[in-house]
Number of protein chains: 2
Amino acid sequence: MVRWIAGINPESFVVIEAGVQRPIEPVKRCRVSNFELRITRCYLLAPAPVILGMTLAAANRPVVDFNDEVIGAKAGVREEEETDKEGPPAASMLVHLDNIAMHKRAPVQQAIADIRMEMKHLFRSYLKARGFKEFEPPSLLAQHLKVAAMFSEAFLAQSPQFYKQFEIAGGRKRVFSIAPVFRAENSNTPRHMTEFTGLDLEMEIRHDYSEVLYLLEGVLLYIFRQVHRIFKDEIELVRSLYPSSEILLPEPGQKVRLTFTQAQQLLREEGPAEFRHVRDDEDMTTPQEKALGALVRQKFNTDFYVVDKFPETARPFYAKLDDTTAAGSAKGAVKVTNAFDMFLQGQEILSGGQRINHPDELEARIRAKGIDPASPGIDGYVQVFRQVGVPPHGGGGIGLDRIVAWYLGLPSVHLAAYYPRTPRRLLP
Amino acid sequence: MVRWIAGINPESFVVIEAGVQRPIEPVKRCRVSNFELRITRCYLLAPAPVILGMTLAAANRPVVDFNDEVIGAKAGVREEEETDKEGPPAASMLVHLDNIAMHKRAPVQQAIADIRMEMKHLFRSYLKARGFKEFEPPSLLAQHLKVAAMFSEAFLAQSPQFYKQFEIAGGRKRVFSIAPVFRAENSNTPRHMTEFTGLDLEMEIRHDYSEVLYLLEGVLLYIFRQVHRIFKDEIELVRSLYPSSEILLPEPGQKVRLTFTQAQQLLREEGPAEFRHVRDDEDMTTPQEKALGALVRQKFNTDFYVVDKFPETARPFYAKLDDTTAAGSAKGAVKVTNAFDMFLQGQEILSGGQRINHPDELEARIRAKGIDPASPGIDGYVQVFRQVGVPPHGGGGIGLDRIVAWYLGLPSVHLAAYYPRTPRRLLP
C-alpha cells in the first residue's frame, strides 16, 4: 500500500481511514509534529494530473510578474515559471490565474481570502450595530458602462452613489451596500481593476457632517484593529511572502485630521522640494499623497489619517460646499467642501462627505461644473430631490480590494480579488 | 406657528423641538395614541413640493398594474393614479418607480426591504455557523450576456455555478455567495427580472449527496421560520395589502421528499385530468408544478417540499447521474440525476444537486448534451477539473427576489427588488 500511496499524484483528492498516534520522534517539516496518522485504508477519489500546471510550493511563493495578457488565453499547463535566488520557483500572475485551483489552494491566497471576507463582515456588523440597513444597488443602469445584447441601451454601475441617496430620500435614515462596481479604466496597473467591490454607506446628518467623518473613521479603524487581532498568523504568512511593515494606527484620542489647506502647507514647508509650491485650490497628485503619508507618519506616528475640506474643484457636483468659508472669509477665494479623504500610508482608501440635499442648490452646482442638469442620468437624480424633502445627509465609499491589498502590503490589488478583472482579463 | 406648520407640505423634512405629554384623551388615527408632542420649535430643513407625484397613502396601497414601460421614461409627477372601490387611490408600478422616494417611504415597502435583508442575513449566518466561507463571484465574464464599451468581448454572469465549483476545486470545502446575476429574458412577467440576487452555495460531499439536500432544506426552513418569528407585524402589514394565506411548513421529522417519479405518479393518479399521462423522463411544466403543490398541501399538510432524482433530460450537463439507477435496474430506461428542486406552494424556489467532479465523466456528459467541450466557456471549466483532483461536491441556488415575493405572497417579484430591472426598465 505504501508504494501505491507514494504513486498518487500530488493534489489528488483522497479519503483515508487512519488511527492517530504519537510518533517515536517529532515529525519534521510539518506544522503538526507531535501526532501522526497510521493509515489503514486509502481511497483515491479524484486523481490530479501527473504534471501540475503549478505546484503548491510555487503557488505559495510571491507572484513575480503582474503583466496582463490577451483576453481569452486558454487555461492550462504552462511552463512559464521563473526561478529566483532562493527556494522553489515562483510564477507569474498569468500562470496563477491559468491554474486557478492551485492558486486558491495556496495558504497565502486562503489567508488573503479569509481576511477579505472578514473585512466585509466587520464593515457590516459595525454598521448594523449602529442602526444601518443594508440594501442592494442595481448593477444595470441607463448610463455609464455600456452593455449590449438584450439591452439596446444598458450600462453597468460605476458607483452606488445616486442609489444610496435615493434610499435616504426614501426614509431609510442610515444605509450601506456591499456590491460590485465597474470601471472602464484602460490602465493595467496594480491599483486598478474593471470590476471591484464597493463598501458604501450613507446616513442622515443630525447636526454636522463631522458625524459622517467620525463614523467612517470609526468603521475603518474597527476593521483594521479587528483584523490585526483575529488574523495574526495569516498576516505573518502574507508578510513572509510580501514583506511589509506594521501599520501604525492612531492611539485613542490621537486621531490625525488635517484640513486640505493644512496638508498642503505641511507639504510646502516640510515636504520634498518639488512640492514647495502646491496650491490650496488644486487636488493632490499621487506623489503628493505619498509624500504627505511619510510626513504624517514621521510627525504623528500614524499611517491612518483624514484630510478634510477639499477644494470644490477637486470634488464632484454633489459635494456640499462649506457654508462658513463660502460666506467670504479672509481666504474667501478658495471655496472648500464638507468632503474628505481617508488615507493609509499615503494611499487614499476612502472618499466621503456631505451631499447637497436641496434640488436648486444641486442644480446650481451641476451648472457650475459645466454639466447640463437635463442630461441623461443627471435629470432623474435631481428629480428625486424634487419629489420629497430630503434630509441633510452624507456618506462615503471604500474599495474593498484596495483596503485588503494595502492593509496587507500586497504588490497588486489583483492578489486581493477572487477573480481579478482588467480590460484584458476575463478568465477564469 | 400652528398656521405656519399647517402650511408645510406633506413629506417635507422638519426638525422639531418638543416636550412629551399625555393627551387629555387618546389621540385617534395614530399608532401612538397615549402620548403627544407639545412643539416649541419647528425648523423646515427640506420642503417637499406642493403637489406630490404620489402620496404616502397611495404608496401604501397595493400596486394595481405591473405593466412595464419604455426605457428612459422620465421620473416625475404623473397623474395616472387609479381609483378602486375603497380607500385612497392606488397607483401602478410605473408611478411607484417614477416616484422612488415615496415608493420607499411606504411602510409596506420598508417591511418588504427589511424582510429581504433579514433573509440574506439568515442565509449567511446559518451557513457561516456550519463552516461555510463566503466568496465573491465575478459579474464580468468572457461568455453569456454581452457588455460593450471598453470591453470588446465581455459578458455578464448568468450564474455563479462554475465559480462556486472553482472555489471547491481550490480547497475551500464549503462556500457560498450572495451576488447579482443577470438574465437576458425577454419576458415581462411577475416572475422574471433581468437582474436579481442569487444566494448560492457549494460544498464537499462526505458520503452521499443527501448531505447537500438536507443542508439546503435546513437553510430554507431556517429562513422561513425565523422570518415568521421576527416579522409578525411586517408580514401582517404586507398581507393587509396583498392578501395571502399562512405558509404551512413541515413539522420536525415530517419533511416531504418525493422522487420525481413519485411526484409524476401522484399527478397522474390524483391530479387534474390533463396530467393523467405525464412522463417520468420529461421536466414538469409550471401548471404541473402548481397542481403538485396543491396535491402535496392536501395530502401532507405542507407548502414546502423537495422533488429529488430529476431525469437527466431536465438537468444541465454538470448534474451527476444516479449511479444506482444508471446501472440498469428494472426501469433502466429513464436515467435520473442526483439533482433536486425545492418548492414553496407549487413554485420552484431552489435548484440543487451533486455535480460531476471527474473531467472525463464531465466531458462525456457535455458531449451527450450535444455541446462541444472545446467551445468557449466550457473548455476553461472542464480544464479546472484536469488541473487538480476535485472532491465530490454539490450545492444549490436560490433566487432571493423569488423567495421574498413568494413567501410574502406578493403579486410580482418586482415588488421584492430594491430597483427592479426588466428589458424595458433601467430607471431609477
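Whatever comes next refers back to the structure up there.
Since we're looking at a predicted model, the values are computed, not measured.

A. Seen up close, the sheet that holds strand E13 (residues 393-399) of chain B. All names here are of chain B. Judged by pairing direction, the sheet is mixed, and its 8 strands sit side by side in the order E3-E7-E8-E13-E12-E11-E10-E9 without closing on themselves. Strands with a single pairing partner mark the edges of an open sheet, and in this sheet they are strand E3 (133-134) and strand E9 (257-259). The pairing of strand E8 (residues 195-204) with E13 spans 7 bridges and is antiparallel. From the neighbouring strand, Asp200 faces E13, where its bridge partner is Gly397.

B. Fine view of the pattern of salt bridges. Residues and elements named next belong to chain A. Applying the stated criterion across every chain, the model contains 44 salt bridges over all chains. Notably, a salt bridge pairs Glu270 with Lys299, separated by 3.0 Å at the nearest N-O pair. With Glu270 in helix H9 (residues 260-270) and Lys299 in helix H10 (residues 286-300), this pair connects stretches of sequence that are 29 residues apart. Among the residues examined, Lys299 registers a relative accessible area of 41% and is labelled partly exposed. Across the pair Arg386 and Asp360 runs a salt bridge, and its minimum N-O distance is 3.1 Å. Residue Arg386 is found in helix H13 (residues 378-387), and its partner Asp360 is found in helix H12 (residues 359-368); the two are separated by 26 residues along the sequence. When its relative accessible area of 55% is taken as the criterion, Asp360 is described as exposed. Each of Lys164, Asp200, Glu202 and Arg355 takes part in salt bridges that share partners, so that together they form one network.

C. Structural view of the sheet that holds strand E3 (residues 133-134) of chain A. Residues and elements named next belong to chain A. Spatially, the 8 strands line up as an open sheet ordered E3-E7-E8-E13-E12-E11-E10-E9, and their pairing is mixed. With partners counted over all chains shown, the strands left at the sheet margins are E3 and strand E9 (257-259), one partner each. Contacting E9, strand E10 (304-308), strand E11 (339-344) and strand E12 (347-355), H10 runs over the sheet at an angle of about 125° to E10. Contacting strand E8 (195-204), E11, E12 and strand E13 (393-399), helix H14 (residues 400-407) crosses the sheet at an angle of about 55° to E13.

Cut-offs and rules
- Residues numbered from 1 in each chain as written.
- Chains lettered and ligands numbered in written order.
- Predicted model: local features only at pLDDT ≥ 70, side-chain atom pairs only at ≥ 80, totals over all residues.
- Heavy atoms only, no water.
- Pairing = 2+ DSSP bridges.
- Helix = DSSP H or I, 4+ residues; strand = E, 2+ residues; numbered from the N terminus.
- Salt bridge = Lys/Arg side-chain N within 4 Å of Asp/Glu carboxyl O.
- Buried < 20%, exposed > 50% of the residue type's maximum accessible area, 1.4 Å probe, protein only.
- Contact = heavy atoms within 4.5 Å.
- Axes fitted to C-alpha atoms, helices over the stretch in contact; angles between N-to-C directions.

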